[in-house]
Amino acid sequence: MDEMSFRTLYDVQQLLKKFGTFVHLGKRMWDIELMSIEVKRLYENGMIEKKTFINAQMVLKAEHRKEEKKEKERSK
């Protein structure tokens with residue numbers, strides 16, 4: 001697969017969609033965590049390039065941090 005660049009969670013969703021993977025667990029944090037697992041599996045199976053894997057993981061980690069921050073704000 002061609003190298004892809006990612007800026008948003010939507011971009012990562014589109015990558016997964018190309019492989020027939022649709023993630024919707026009902027909670028954004030869980031969606032992000034499952035997407036991370038799925039992206040890792042694609043990379044481990046040689047279906048995406050290393051750079052694509054790293055870019056996707058960076059977006060997912062950033063989104064995960066945002067969600068953690070939101071949850072902390074809500075619990076105050």
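Residues numbered from 1 in each chain as written. Predicted model: local features only at pLDDT ≥ 70, side-chain atom pairs only at ≥ 80, totals over all residues. Heavy atoms only, no water.

Once that is clear, we can look at helix 2 (residues 28-44). Under the 1.5 Å per step criterion, the end-to-end length of helix 2 is 24 Å for 17 residues, consistent within 8% with the ideal 24 Å. Taken together, the buried positions of helix 2 are Met29, Asp31, Ile32, Met35, Glu38, Val39 and Leu42. Contact partners of the buried residues in helix 2: helix 1 (9-18) and helix 3 (50-75). With its phi angle positive at about 70 degrees, Gly46 sits one or two positions after the end of helix 2. (Helix = DSSP H or I, 4+ residues; strand = E, 2+ residues; numbered from the N terminus. Expected span 1.5 Å × (residues − 1). Buried < 20%, exposed > 50% of the residue type's maximum accessible area, 1.4 Å probe, protein only. Contact = heavy atoms within 4.5 Å.)

According to the stated counting rule, one finds seven salt bridges in the structure shown. As a salt-bridge pair, Glu67 and Lys70 come within 3.3 Å of each other at their nearest N and O atoms. One end of the pair, Glu67, and the other, Lys70, are both in helix 3, three residues apart, so they sit about a helical turn from each other. Residue Lys70 is classed as partly exposed on the basis of its relative accessible area of 42%. (Salt bridge = Lys/Arg side-chain N within 4 Å of Asp/Glu carboxyl O.)

Within the secondary structure, Glu63 is located in helix 3. Residues in contact with Glu63, not counting those within four places in the same chain, are Leu9, Arg28 and Ile32.

Worth remembering: the numbers are spatial, not functional.
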